[in-house]
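# A structural walkthrough
Next come the chains, spelled out residue by residue.
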Amino acid sequence: AVVARRAPSSPTMSNWLALKSQIGGKPPRAIASADAATASRSTARDVAPRKKTKAKKRKARDVNGADVDDGRGATQMGALESTVRASVAPSVTYREGLLDESVEESRDEAADAARRATGKKCAALGLNRSQIAFIEASRLSAISNMCMVFERVCGARLGKRWCSAYEEWLASAGTSLLPVAEASRLYLVRKLEKAGANEDDAVRMSHQMTAKANDCAQRVEVAKTKAHSDVQIDVQVDNGVAILAFGKVAVRINKDHFEKLRRMYELHSMISERDFHLATFAMVCRYDAAQGGQFRFAGGHHTALHGEVFDVLRDAFGVSCELFASPLNARWPTFCSKHWDVDHAFGSLGDYSEFHPSSGAFEVNPPFEEELVLDMAAHLTTCLKRATDANKSLTFVVITPHWPNRPCWEAMAKSGFCTRVAVVPVREHGYFEGAQHRKKSRYRMSSSDTSLLFLQTNLAGEPTDEKLRMIRDAFRPKPNAKSK
């Protein structure tokens, strides 16, 4: 499914003139009409689509080679458009393993500046690895306890998705994961009301949980005063699982992820085996806490792309860095991440909002939260404007649910920098689990249609049909993928 968008410098023209221009060897940057309604239709079809039921829309998208409008802002390519836009397939090397070291670590000015800034912020905390491990153990313990309270207070109202709502509420507090602010309380109120709670009940439950969050925050503050420098992490590796423990707090991680982290630590920070164990324990504690703190729920609603998709992005588009990743799911040694304080030792450049690239190509797969995606869209636009002024090539490949009519999605799809939008139907793709580092089953089916939005400056290479077909093939569900 593809929508082409017009670059700022492209003149408005009819669908037929644009197609004719391409056949004549002088293709415009993208095929689109000036208004969003026309831009949402394929160049090979000018007839307005009839209204369809959801089942008929899905059936239509499954027809190979058909040019069908799904009525939601995207179309599948017809034979005529495919012929015009086709190109020779790029050579792609598919690499085994969790970490792809074929990509050199980014050393451009923007990456170096972000790396230095994050290093300075970590140093300013004034904590050594042992103290950080002590504090993160306390944070995980507190948030695990709060999870049980959340289930008891809010679970009946939120239903089966209460654990995802808990993760999102924790995320509203930023890196601390302790939602004590009024903004976090109001966020929970909205979640509860959306699930059907009346205003009084939603307010009552939100106050209960805010009080519990304050208790947890006090526990973490006390831990900071007691943190010491002689923490020893007990490490046991058995039956494909590494268990790292300090006192009563233990975290689990699959052995291959553990070895991947060891390699990342060696690339960026290796001092000693003990330091590696401390850094890994602290980092996994933070992410287990962010995913709800309860192993039995194996949270993690932020999924990751298959390794094969990253391989296509690398070889077909020159992508070599992710703007939303973690040491646990990053494909390449250089990445941006939210929890920079525990991730920097493994190669994190810091939060995406403090990274300002002016050239290169980047994969952008944010948590699917509308407010965050809207802020991200504004940040990417600022970067693209600066790159355009500097006459440089810059590409962002953004992966989100297919969200037409939502402000965060429309801000990107209608941007003058958007050269193409591809839609992968729900039944034709899957992802890595959000908690891939500790689950036996690492793959899951997608729960919605997915959009790939290409935001680019004029000098960037335009995505072709052949490249998009390669991405779509790489996205296909794994045989053992589980449904949600």
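Look above for the structure.
An account of the accompanying structure is given in this report. (Residues numbered from 1 in each chain as written. Predicted model: local features only at pLDDT ≥ 70, side-chain atom pairs only at ≥ 80, totals over all residues. Heavy atoms only, no water.)

## A look at the overall build of the chain
Convention followed: The helix count covers DSSP runs of H or I at least four residues long, the strand count covers runs of E at least two residues long, and both are numbered beginning at the N terminus. In this scheme, a residue with accessible area under 20% of its type's maximum is buried, one over 50% is exposed, and one in between is partly exposed, where area comes from a 1.4 Å probe on protein chains only. Note on areas: these come from Shrake-Rupley sampling with a 1.4 Å probe, and a residue is covered only by the protein chains present in the view.
Helix and strand content of the chain: 16 helices and 10 strands. Out of the 484 residues in the chain, the part that is buried amounts to 55%. As displayed, the chain offers around 21300 Å² of accessible surface, 50% of which is attributable to carbon and sulfur atoms.

## A look at the sheet that holds strand β3 (residues 241–246)
Where strands meet in a sheet, backbone hydrogen bonds hold them as pairs that are either parallel or antiparallel. We apply this condition: Two strands are counted as paired when DSSP detects at least two bridges linking them. The axes are straight lines fitted to the C-alpha atoms, using for helices just the contacting stretch, and the angles between their N-to-C directions are given from 0 to 180°. By definition in these notes, contact holds between two residues if any of their heavy atoms fall within 4.5 Å.
Taken together, 3 strands build an open sheet; the order of strands is β2-β3-β4 and the sheet is antiparallel. Two strands close off the open sheet at either side, each with one partner strand: β2 (234–238) and β4 (249–254). With direction set aside, neighbouring strand axes in the sheet form an average angle of 20°. Sitting on the sheet, helix α10 (residues 255–268) is in contact with β2, β3 and β4, with an inclination near 95° to β4. Those strands touched by helix α11 (residues 273–290) are β2, β3 and β4, and its axis lies near 95° from that of β4.

## Structural notes on α11
Side chains that are three or four residues apart share a direction in an α-helix, a result of its 3.6 residues per turn. Quick reminder of the rule: Given the number of residues in a helix, its expected span is that number minus one, multiplied by 1.5 Å.
Between its first and last C-alpha atoms α11 spans 26 Å; for 18 residues at 1.5 Å apiece the expected length is 26 Å, and the two agree. Along α11, 16 of the 18 residues are buried, which leaves the element largely enclosed by surrounding structure. Of the residues one or two after α11, G292 is the one with positive phi, at around 105°.

## Structural notes on the pairing of strand β7 (residues 418–424)
Side-chain direction in a regular strand flips from residue to residue, so the side chains alternate between the two faces of the sheet. Counting buried residues in β7 gives 7 out of 7 residues, a clear majority hidden from the surface. One ladder, built from 6 bridges, connects β7 with strand β10 (residues 450–456); its direction is antiparallel. Its bridge partner lying in β10, A422 is registered against L452.

## Here we look at the nonpolar core
Going by this rule: Definition used in this section: a nonpolar core is a set of buried Ala, Val, Leu, Ile, Met, Phe, Trp, Tyr and Cys residues joined via side-chain atoms within 4.5 Å.
Ranked by internal contacts, the top residues of the largest apolar core, which has 66 residues, are M146, F150, W169, M209, F281 and F346. Among the secondary structure elements, those contributing two or more residues to this core are α6 (129–158), α7 (162–171), α8 (182–194), α9 (199–226), β3, β4, α10 and α11. When residues in this core are grouped by element, the largest group, 15 residues, is from α6. Residues contacting M209, with those up to four places away along its chain left out, are M146, V149, F150, V153, C154, W169 and L188.

## As for the side chain of R185
Selection criterion: Each polar contact in these results corresponds to two N or O atoms within 3.5 Å; when the atoms are within protein, one needs to be able to donate a hydrogen and the other to accept it, and residues that are neighboring in sequence are counted only if both atoms are side-chain atoms.
Within the element layout of this structure, R185 appears in helix α8. Taking the relative accessible area as the measure of exposure, R185 reaches 10% and is therefore buried. Polar side-chain contacts of R185 include one of 2.7 Å to the side chain of E182.

## A look at α6
Quick reminder of the rule: The bend reported for a residue corresponds to the angle between axes fitted to the seven residues ending at that residue and the seven starting there.
Helix length check: α6, at 30 residues, gives a terminal C-alpha distance of 38 Å against a target of 44 Å (1.5 Å per residue), a shortfall beyond 12%. A bend of about 45° at R152 is the largest found in α6. In terms of burial, α6 is a largely internal element, 22 of the 30 residues being buried. N-cap assignment for α6: the residue whose side-chain oxygen lies 3.1 Å from the backbone N of S130 is N128. At the exit of α6 stands G159, carrying a positive phi of roughly 75°.

## Remarks on the environment of H268
Relative to the assigned elements, H268 resides in helix α10. The partly exposed category is assigned to H268, whose relative accessible area is 25%. A C-alpha to C-alpha distance of 8.9 Å links H268 and P333, two positions 65 residues apart in sequence. Separated by 3.3 Å, the side chain of H268 and the backbone oxygen of P333 make a polar contact.

## Let's talk about the packing of α10 against α11
Counted only if it meets this: In what follows, roughly perpendicular refers to angles from 65 to 115 degrees, roughly parallel to angles under 35, roughly antiparallel to angles over 145, and oblique to any angle outside these ranges. Each helix crossing is assigned a hand: it is left-handed if the near helix lies turned anticlockwise from the far helix by less than a right angle, otherwise right-handed if that turn is clockwise. Under the scheme applied here, ten amino acids are nonpolar (Ala, Val, Leu, Ile, Met, Phe, Trp, Tyr, Cys and Pro), four are charged (Asp, Glu, Lys and Arg), and all others, including Gly, are polar.
Orientation of α10 relative to α11, taken along the N-to-C sense of each, is 120°, at an axis distance of 11 Å. Comparing their axes, α11 and α10 come out oblique. Where α10 crosses over α11, the two elements pack in a sense that is right-handed. Across the interface between the two elements, F258, L261, R262 and Y265 from α10 touch E273, D275, F276, H277, A279, T280 and M283 from α11. Here the contact of α10 with α11 is built from residues that sort into 6 nonpolar, 2 polar and 3 charged.

## Some points on the environment of G430
For G430, the location among the structural elements is in strand β8 (residues 430–432). Looking at G430, the relative accessible area reads 0%, which means it is buried. Spatially, the C-alpha atom of G430 lies 6.1 Å from that of R476, the residues being 46 residues apart in sequence.

## Here we look at the side chain of H339
With respect to the helices and strands, H339 occurs in the loop between α12 (307–317) and α13 (340–343). For H339, a relative accessible area of 4% translates into the label buried. When neighbours within four sequence positions are excluded, H339 is seen to be in contact with G174, T175, L177, R286, Y287 and A290.

## Some thoughts on the environment of R263
Within the secondary structure, R263 sits in helix α10. We classify R263 as partly exposed; its relative accessible area is 32%. On a C-alpha basis, the gap between R263 and E101 in space is 9.8 Å, while along the polypeptide they are 162 residues apart. Setting aside its immediate chain neighbours within four residues, R263 contacts L99 and E101.

## Thoughts on the pairing of β2
Across 5 bridges, the pairing between β2 and β3 is antiparallel. Within the sheet, the bridge partner assigned to V237 lies in β3 and is A242. Hairpin geometry of β2 and β3 is characterised by an intervening segment of 2 residues between the two adjacent antiparallel strands and by a positive phi of about 55° at N239.

## Focus: unusual backbone geometry
If a residue is not glycine, its phi is most likely negative; likewise, a peptide bond is most likely trans. In this model, L177 sits at a positive phi of 65°, which is unusual for a non-glycine residue. Mapped onto the fold, L177 is located in the loop between α7 and α8. Using a relative accessible area of 1% as the deciding quantity, one classes L177 as buried. If you check the backbone angles, N405 has positive phi at about 80° while not being a glycine. Mapped onto the elements, N405 comes out in the loop between β6 (394–401) and α15 (407–413).

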